[in-house]
Every structure is written in C-alpha cells, then in structure tokens.
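Listed below, chain by chain, are the residues.
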Amino acid sequence: MLDDFSDDILVAASQRGDKSAYALLVKRHYRHVFAVCLGVLANVHDAEDIAQDSMLRGFLEIRKLRDSEQFGWWILRVARNLCIDFLRRKRYAKAFLARQAAQGRQTATENHDLEQAIRRLPQEFRLPLVMYYFDNKSAKTIAEKLNISHSGVCQRIRAARKQLHKLLTEEVHNEE
Amino acid sequence: MKSNCDKMKDRIADFITGILPEEETQTFQQHLSECSACRDYALRLQEEEQLLTGFFAKFDENMTDLEDEAINAINRFDTPGQTTVISVGKKIVKNLLIKHAAAAAVIVFVALYFIITYTWISEINECILLSM
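Since this is a predicted model, take the numbers as computed values, not measurements.

Caption draft 1: Region of interest: the packing of helix α3 (residues 44-60) of chain A against helix α4 (residues 63-75) of chain B. With their axes 9 Å apart at the nearest point, α3(A) and α4(B) run at an angle of 45° to one another. Looking at the two axes, α3(A) sits oblique to α4(B). Crossing geometry of α3(A) relative to α4(B) is assigned as right-handed. Every residue of α4(B) that contacts α3(A) at Glu48(A), Gln52(A), Met55(A), Leu56(A) and Phe59(A) is listed here: Leu66(B), Glu69(B), Ala70(B), Ala73(B) and Ile74(B). A per-class count over the contact of α3(A) with α4(B) returns seven nonpolar, one polar and two charged.

Right, dumping it as structure tokens:
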C-alpha cells in the first residue's frame with residue numbers, strides 16, 4: 001500500500017524516522033543512484049559500496065531536505081558528492097585521471113571487452129551513457145537529473161557511442 | 001560524398017541509440033538506402049547497441065539484493081530523530097560553554113579595569129600628598 005505513495009509523503013515519514021518509508025524510497029531510487037556511481041567510478045564493486053553509502057547518508061541527512069518532492073534529484077547529488085569524496089579520499093583522482101588519459105592514448109591491446117571500453121570513456125561521456133541505459137533510454141530524464149540541457153545530454157551520449165565504437169573496433173582489429 | 005558520410009555518422013549513432021529527432025529520420029534513411037559504407041556502420045553500431053543493452057540489463061538481475069543490503073545497512077543505524085537529538089544536545093552544551101566563557105571574560109576584564117584604575121588613582125594621590 002505504501003508503494004502507491006509519492007516521494008514527498010515517504011520523505012515526510014522518513015524525516016520522522018520511519019525506516020519502512022525510507023526503505024520504499026531506496027527501492028524506488030537505488031538503481032538510479034547505482035547508475036550514477038557506476039558512471040562516475042567506472043567500477044562495479046566501488047559503485048555498489050558507494051551506492052549503499054549514499055542511501056544510508058540520505059537517511060541520516062533527510063531532515064536537511066527542504067523540498068521533499070526533490071528527493072530523486074537530491075539523493076543523486078548525495079551520491080555524486082560521495083563518489084567525488086571517495087575518489088579524493090583514496091588519492092584516487094590523480095591516478096585515476098592519469099590512468100584514463102594513458103588508456104585513452106594506448107591502442108586496444110589488452111582487456112578490451114565492453115566493460116573495459118566503457119571504463120575507458122571520459123567521465124563526462126560515461127555518466128550520461130550509463131544513466132541513459134539505466135533510465136529506460138530517456139535523455140529528457142537524464143537532462144533533469146544532471147541539470148544540463150537535453151541537447152547537451154544527446155551530444156554526450158552520441159560522443160560516448162562513437163568513442164565506444166572506436167574502442168571496440170580497435171579491439172577487434174588487434175585481435176585479428 | 002565522404003564528408004556527407006562523416007556528418008551522417010552522427011545521425012546513425014543518434015538513430016541507433018534512440019535520440020535522433022523524428023524529423024531527421026527521413027534524410028537519414030534516404031542516405032542509408034544509397035550508401036553501403038554507412039549501412040555497414042549502422043549494422044555494427046546496432047550490434048554494439050544490443051551488447052550495451054544486454055550489459056546494463058545484467059545489473060538488474062541482482063538489483064533487488066543490492067537494494068535489500070542497503071535497507072539492512074540503514075536498519076542497523078539509529079533513526080535521524082535520535083541523531084538529531086544528540087547533535088542538538090551537543091550544540092546546546094557548546095553554546096552554554098561559550099556563553100559562560102564570555103561572561104567570565106567580561107567579569108575578569110571589569111575587575112582588572114577597577115584594580116588598575118584604583119591603583120593608578122592611589123599613586124596619583126600619594127604623589128600629590130608628597131609634593132605638598
């Protein structure tokens with residue numbers, strides 16, 4: 001029955017400490033949070049950990065949320081911030097970017113399945129791409145969630161697809 | 001022709017991915033019917049599209065387990081209400097400490113002021129008495 005309630009009702013209940021209401025918000029939003037974490041971190045296990053941390057942080061800080069209808073957008077922002085903290089905390093950022101740049105330059109000679117190719121995409125392209133496939137292929141929804149224009153999302157998805165094709169084609173040629 | 005194909009690659013990528021505006025599909029399909037190179041490119045992108053869709057679909061298989069893990073982690077924590085009471089309590093204690101410290105500083109400052117002033121006036125009086 002609680003399933004029928006809108007986010008703002010569930011948020012209000014969660015703000016009073018109702019864990020069962022928050023559990024429904026988790027069920028409703030977890031996969032989007034996971035998509036953001038995967039898009040930013042490019043690592044499935046890290047994405048699982050940070051997605052869980054994000055939902056927990058969301059619960060602990062839900063009283064700070066003023067506009068309860070904005071929960072979906074707010075929890076994604078919590079997730080993105082935690083991903084950035086995670087990269088920073090592990091002194092990951094520098095090594096991560098250096099590795100990405102190096103990977104971008106090198107030809108496809110090793111470990112080049114689809115997952116590797118996605119991992120090698122720049123984060124600005126990878127995040128909208130991952131969200132697009134997690135979000136029923138709705139560029140409009142992603143534009144709202146990332147707070148960028150619809151055409152901006154389309155451009156990034158297109159760039160990601162073309163770059164992905166290039167990486168996968170390199171792989172096939174190198175295997176030959 | 002080649003530059004036309006280069007431009008068309010954007011539209012092919014958009015069409016296969018599902019973001020090409022409907023009004024542009026006719027031009028795109030017209031070009032595909034005439035250009036075998038672009039048809040091959042479209043076919044390869046279509047294969048990759050299926051790979052991508054399958055790749056992301058596999059995450060849905062254990063999404064329920066991940067959601068349950070997150071819910072279990074939340075259930076192990078105190079409710080926000082309890083957390084807030086503790087943090088509000090800490091703030092009150094912290095505020096009281098600051099207020100007491102400020103009051104003590106004012107009292108010490110006023111006392112020092114009177115002591116110094118009293119000493120100074122006494123010394124002046126002594127000087128006046130000696131000079132007389």
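Caption draft 2: How the structure looks around the interface of chain B and chain A. Each side of the interface is counted separately: chain B has 30 residues, and chain A has 30 residues. For the side of chain B that touches chain A, the secondary structure elements donating two or more residues are α1 (2-17), α3 (36-57), α4 and α5 (80-131) of chain B. When the residues that make up the side of chain B that touches chain A are grouped by side-chain class, the tally is 15 nonpolar, eight polar and seven charged.

Caption draft 3: Summary view of the confidence of the model for chain A. Residue and element names in this part refer to chain A. Across chain A, the average pLDDT comes to 85, with 82% of residues at 70 or higher. Mean pLDDT values for the elements of chain A range from 60 in helix α5 (residues 92-105) up to 94 in α3. Counting interchain partners and residues more than four positions distant, the pLDDT-below-50 stretch residues 107-111 has eight contacts.

Caption draft 4: Quick look at the domain arrangement of chain A. All names here are of chain A. Splitting chain A by domain gives domain 1 (1-90) and domain 2 (108-176). On a C-alpha basis, the centroid separation for the pair domain 1 and domain 2 is 24 Å. Facing the ten residues of domain 1 at the interface are nine residues of domain 2. For the side of domain 1 that touches domain 2, the elements supplying multiple residues, two or more each, are α2 (19-41) and α4 (71-89).

How each quantity is defined
- Residues numbered from 1 in each chain as written.
- Chains lettered and ligands numbered in written order.
- Predicted model: local features only at pLDDT ≥ 70, side-chain atom pairs only at ≥ 80, totals over all residues.
- Axes fitted to C-alpha atoms, helices over the stretch in contact; angles between N-to-C directions.
- Helix = DSSP H or I, 4+ residues; strand = E, 2+ residues; numbered from the N terminus.
- Parallel < 35°, antiparallel > 145°, perpendicular 65-115°, else oblique.
- Left-handed = near helix turned anticlockwise from the far one by under 90°.
- Contact = placed C-beta atoms within 7 Å.
- Nonpolar A, V, L, I, M, F, W, Y, C, P; charged D, E, K, R; others polar.
- pLDDT = per-residue confidence, 0-100.
- Domains from an automatic or database assignment.

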